[in-house]
Amino acid sequence: AVNRTPLIAGNWKMNLDHLQAIAFVQKLAWNLADAKHDFGAVEAAVFPPFTDLRSVQTLVQADKLPIAYGAQDLSVHDSGAYTGEISGAFIAQLDAKYVIIGHSERRQYHGETDEIVAAKVQAAVKHGLVPVLCVGETAEDLEQYGPSAVPVGQLETAIAGLPADVDLVVAYEPVWAIGSGQAATPEQAGSVAKALRDVLVESLGAEGAAATRILYGGSVKAANIAAFMREPDVDGALVGGASLDIDEFSAIIRYQK
Ligand code: PEP
């Protein structure tokens, strides 16, 4: 929306190995490299598995591709005896810009609580990474508490104590809409995004809130992206399944054209 560069972010989850990642990023750059895509107008980002990040970095930097990249998670720790964990310091060394934090799959399958998510947000900021902080209610939450109570609570906990000028992206992802083919309506997404913006105003002040992008995620595709983008508080999309289809993802990034 106004004065915020839209962000279209592709969360690959546990898909595409490092060779497939290279082919995908090359093709994406090729698809976008024509007069129809104004890179200044929309930022495109991919979130590959950890093992692909170095390959994506090499390709993006060698060819100066205007594609941002980030990790799907990070450790709360900086280094040490934490087998299998990946530090934000390591991710930052690969010149990644973003890191997804608190995706519903991490909350659901890996026991990530609001407190762990908050600690990961702090770790990301400490290492100069921009958190893409995911919040969203389950179908049961929706029935029990209504549309915005759970995501609002998750956001309040996750951003407590952050400085007003923090570089942050918030992704509203209703769990019932993820991978279900049943996206929220643009009105639903817009109204929760507005509630989240109000939390940002409370926590970061008007200026910080106005600078923070709020994405919608959940069954976004080329056919529905434009309607979400017409909502004044929706500043982009976090895309799962459709981010693995090169032509579909390219079309989502070029939604305005
Ligand atoms: C996601 O998991 O972040 C997501 C939005 O998935 P999908 O687009 O497949 O619903």
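Residues numbered from 1 in each chain as written. Predicted model: local features only at pLDDT ≥ 70, side-chain atom pairs only at ≥ 80, totals over all residues.

For clarity, the cut-off: UniProt positions are given in the numbering used here, feature names are shortened, and annotations may be inferred rather than shown by experiment.
Going by what an unreviewed UniProt entry lists, the protein is known as Triosephosphate isomerase and is assigned to Agromyces seonyuensis. Word for word, the UniProt comment on the protein under Sequence similarities (unreviewed entry) is "Belongs to the triosephosphate isomerase family."

## With respect to the overall build of the protein
To be explicit about the condition: The numbering of helices and of strands both runs from the N terminus, where a helix is a DSSP run of H or I of at least 4 residues and a strand a run of E of at least 2. Radius of gyration here uses only the C-alpha atoms, and the compact-globule reference equals 2.2 Å multiplied by the residue count raised to the power 0.38. Three exposure classes are used, based on other C-beta atoms lying within 10 Å of a residue's own C-beta, which is placed from the backbone: buried for 20 or more, exposed for 12 or fewer, and partly exposed in between. Distance between backbone-placed C-beta atoms decides contact: two residues are in contact if it is within 7 Å.
Within the protein, the regular secondary structure consists of 10 helices and 8 strands. Scaling as 2.2 N^0.38, a compact globule of 257 residues should have a C-alpha radius of gyration of about 18 Å, and the protein matches this with 17 Å. Referenced to the eigenvectors of the C-alpha coordinate spread, the extents of the protein come out at roughly 50 × 45 × 35 Å. Within the protein, the fraction of its 257 residues that count as buried is 43%. When contacts within the protein are restricted to residue pairs at least 6 apart in sequence, those whose partners lie at least 24 apart make up 73%.

## Looking at the pairing of strand E6 (residues 169-172)
For the record, the criterion: Paired strands, as defined in this entry, are two strands with at least two bridges between them according to DSSP. A crossover counts as right-handed when, viewed with the strands pointing away from the observer, the path leading from the first strand over the helix to the second turns clockwise.
Residues Val169 and Ala171 point to one face of E6 and Val170 and Tyr172 to the other, with burial holding for every one of them. By the bridge criterion, 4 bridges tie strand E5 (residues 130-135) to E6 in an arrangement that is parallel. By the bridge assignment, Leu133 is partnered in E6 with Val170. Where E6 and strand E7 (residues 213-217) come together, 4 bridges link them in parallel fashion. Across the sheet, residue Tyr172 finds its bridge partner in E7, namely Tyr216. Once the chain exits E6 it traverses helix H8 (residues 186-211) before rejoining the sheet at E7, and the crossover so formed is right-handed.

## Here we look at unusual backbone geometry
You will see that Leu16, though not glycine, has its phi angle at about 70 degrees, which is positive. As for its placement among the helices and strands, Leu16 is situated in the loop between strand E1 (7-11) and helix H1 (18-32). A positive phi angle is found at Ser219, which is not glycine, with a value near 60 degrees. Here Ser219 lies in the loop between E7 and helix H9 (225-229). By C-beta crowding, Ser219 is classed as partly exposed, having 19 other C-beta atoms within 10 Å.

## Comments concerning the nonpolar core
Rules: In these notes, a nonpolar core means any group of buried Ala, Val, Leu, Ile, Met, Phe, Trp, Tyr and Cys residues linked to one another through C-beta atoms within 7 Å.
Membership of the largest hydrophobic core comes to 74 residues, with the highest contact counts inside it found for Val99, Val132, Leu133 and Tyr172. Tallying contributions element by element places H8 first for this core, with 7 residues.

## Digging into the sheet that holds strand E2 (residues 43-47)
Using the following cut-off: Lines fitted to the C-alpha atoms define the axes, with helices restricted to the stretch that makes contact. Angles between their N-to-C directions range from 0 to 180 degrees.
One closed barrel holds the 8 strands; their spatial order is E1-E2-E3-E4-E5-E6-E7-E8, and the pairing between them is parallel. Adjacent strand axes in the sheet meet at a mean angle of 25 degrees when their direction is disregarded. In the sheet, E1 pairs with strand E8 (residues 236-239) via 4 bridges, with the strands oriented parallel. Each bridged residue has a counterpart across the sheet, and for Gly10 the counterpart in E8 is Val239.

## Some points on the confidence of the model for the protein
For clarity, the threshold we go by: The predictor attaches a confidence to each residue, called pLDDT, with possible values from 0 through 100.
Across the protein, the average pLDDT comes to 95, with 96% of residues at or above 70. Per the prediction output, this complex has pTM 0.97; the corresponding ipTM is 0.97.

## Examining the packing of helix H5 (residues 114-126) against helix H7 (residues 149-159)
Heads up, the condition is: Angle categories: roughly parallel below 35 degrees, roughly antiparallel above 145, roughly perpendicular from 65 to 115, and oblique for all the rest. Take the far helix as your reference; a near helix turned counterclockwise from it by less than a right angle gives a left-handed crossing, and one turned clockwise gives a right-handed crossing. Residues are sorted three ways: Asp, Glu, Lys and Arg are charged, Ala, Val, Leu, Ile, Met, Phe, Trp, Tyr, Cys and Pro are nonpolar, and all the rest, Gly among them, are polar.
The interhelical angle for the contact between H5 and H7, taken along N-to-C directions, is 45 degrees, at an axis separation of 7 Å. With respect to each other, H5 and H7 are oriented oblique. The interaxial crossing formed by H5 with H7 has right-handed handedness. In this structure, H5 contributes Asp114, Val117, Ala118 and Val121 to the contact, and H7 contributes Gln154, Thr157, Ala158 and Ile159. Each residue belonging to the contact of H5 with H7 can be placed in one class, and the counts come to 5 nonpolar, 2 polar and 1 charged.

## Brief notes about helix H10 (residues 246-253)
What counts is decided by this rule: What the arc measures is the spread of directions leading from the helix axis to the C-beta atoms.
For H10, the complete set of buried residues consists of Phe249, Ile252 and Ile253. Viewed end-on, H10 has its buried residues packed into an arc of 100 degrees, placing them on one side of the element. Taken together, the buried residues of H10 touch E1, H1, E2, H9 and E8.

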